Amino acid sequence: MIVFAILALFLVASALFTVTAKKPVYSVVGLLVNFIALAATYLTLQAEFLAVIQIVVYSGAILILFVFVIALLSSGTRAFSLGPDRMPRVAIPGILFAALACGAIAVTATRTSLAVQPTAGATGDANVFGSVANFGAALFTTNLLPFEVTAFILMVAVIGVVLIAGDEGPAGVPRRKKRRSGPREPIVKPEPLVR
Amino acid sequence: MSVAPENYVALSAVLFFIGVVGVIVRRNPLIMLMSIELLFNSANLALVAFARAWVNNAGHIFAFLVITVAAAEAAIALAIVAVTFRRTPHVDVDEVAALKG
């Protein structure tokens with residue numbers, strides 16, 4: 001319980017820092033702390049493989065991607081300010097969602113059906129639960145089709161990124177033809193062929 | 001000594017709330033994307049907590065798929081952001097008005 005409290009403190013604090021930081025780089029640092037704390041939380045939940053994946057994919061790949069894009073877009077960023085014109089459209093959904101979240105927490109805390117005993121409705125062995133072998137066996141036998149769909153999604157994502165951002169060649173030369181700056185020539189209908 | 005799953009679900013709800021506030025309030029697209037990552041992570045936390053409560057692997061599998069989709073989403077969204085804001089002086093989603101009627 002003490003470990004959970006410390007991790008929850010880290011998670012909430014780093015999430016708040018991520019959201020309220022002035023510069024995106026600070027947000028990345030907050031997000032890094034958040035991801036590592038979440039990986040530790042996964043470990044307390046016996047999800048070993050997910051903890052490793054969390055570190056590798058999120059802290060390793062996605063955050064590096066964010067840092068690269070921030071370095072790419074080093075143009076001036078506005079300081080974080082919550083203007084008066086933005087307050088109403090923020091406050092109403094915020095209050096609504098806070099009420100919803102509080103209701104959900106209350107329902108979750110009071111309903112005993114959520115606090116199942118580990119044996120009730122258990123489909124796996126509690127001793128091997130969450131191990132990498134158990135996860136891999138489930139991923140490659142029962143859930144093979146979702147796994148392959150995942151591979152397809154990643155391939156589509158790679159192609160999409162190349163199509164979206166790969167507009168310029170390796171030497172900074174635009175691959176597409178430059179549009180002429182002058183006015184376009186009027187479209188002339190071809191003369192009908194005279195025999 | 002184990003922690004009841006309600007605590008994890010409550011923590012997940014709090015993180016989700018923070019992420020939603022970030023998406024709504026912030027106008028910097030990069031920080032909005034990071035808030036979306038927070039949302040993904042809170043959903044994953046709930047999935048893993050319920051997987052632990054029921055001693056069922058399906059939650060782990062689903063969280064794994066969510067992580068994959070989050071990676072794809074981050075890559076594509078960051079490419080769009082990089083292309084969109086390459087020449088603007090301020091990185092602000094309010095300035096994306098090219099399709100405004």
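## Observations regarding the interface of chain A and chain B
Accessible area lost upon the coming together of the parts is a frequently used measure of interface size.
Consideration 1: Facing 69 residues of chain A, the contacting portion of chain B comprises 62 residues.
Consideration 2: Secondary structure elements with two or more residues in the side of chain A that touches chain B: α1 (2-20), α2 (24-44), α3 (48-72), α4 (87-110), α5 (132-142) and α6 (144-165) of chain A.
Consideration 3: When grouped by side-chain class, the residues that make up the side of chain A that touches chain B number 51 nonpolar, 17 polar and one charged.

## Focus: the confidence of the model for chain A
Consideration 1: Of the residues in chain A, 66% have a pLDDT of 70 or more, and the chain-wide mean is 78.
Consideration 2: Put simply, α4(A) is where chain A has its lowest mean pLDDT, 72, and α2(A) is where it has its highest, 93.

## Comments concerning α3(A)
Consideration 1: Given a rise of 1.5 Å per residue, 25 residues ought to cover 36 Å, and the 35 Å separating the end C-alpha atoms of α3(A) matches this to within 8%.
Consideration 2: Remark: the principal bend of α3(A), roughly 25°, maps to Leu63(A).
Consideration 3: Those residues of α3(A) that fall on the buried side of the exposure criterion are Leu50(A), Ala51(A), Ile53(A), Gln54(A), Tyr58(A), Ile62(A), Phe66(A) and Val69(A).
Consideration 4: Contacts made by the buried residues of α3(A) are with α2 of chain A together with α2 (29-54) and α3 (58-84) of chain B.

## Quick notes on the packing of helix α1 (residues 5-25) of chain B against α2(B)
Residue and element names in this part refer to chain B.
Consideration 1: Contact pair α1 / α2: the axes reach a minimum separation of 8 Å and the direction vectors enclose 165°. Taken together, the axes of α1 and α2 lie roughly antiparallel to each other. In the packing of α1 onto α2, the handedness of the crossing is left-handed.
Consideration 2: The class makeup of the residues in the contact of α1 with α2 is 19 nonpolar, six polar and one charged.

Criteria and cut-off values
Residues numbered from 1 in each chain as written. Chains lettered and ligands numbered in written order. Predicted model: local features only at pLDDT ≥ 70, side-chain atom pairs only at ≥ 80, totals over all residues. Contact = placed C-beta atoms within 7 Å. Helix = DSSP H or I, 4+ residues; strand = E, 2+ residues; numbered from the N terminus. Nonpolar A, V, L, I, M, F, W, Y, C, P; charged D, E, K, R; others polar. pLDDT = per-residue confidence, 0-100. Expected span 1.5 Å × (residues − 1). Bend = angle between axes of the 7 residues up to and from the residue. Buried ≥ 20, exposed ≤ 12 C-beta atoms within 10 Å, placed from the backbone. Axes fitted to C-alpha atoms, helices over the stretch in contact; angles between N-to-C directions. Parallel < 35°, antiparallel > 145°, perpendicular 65-115°, else oblique. Left-handed = near helix turned anticlockwise from the far one by under 90°.

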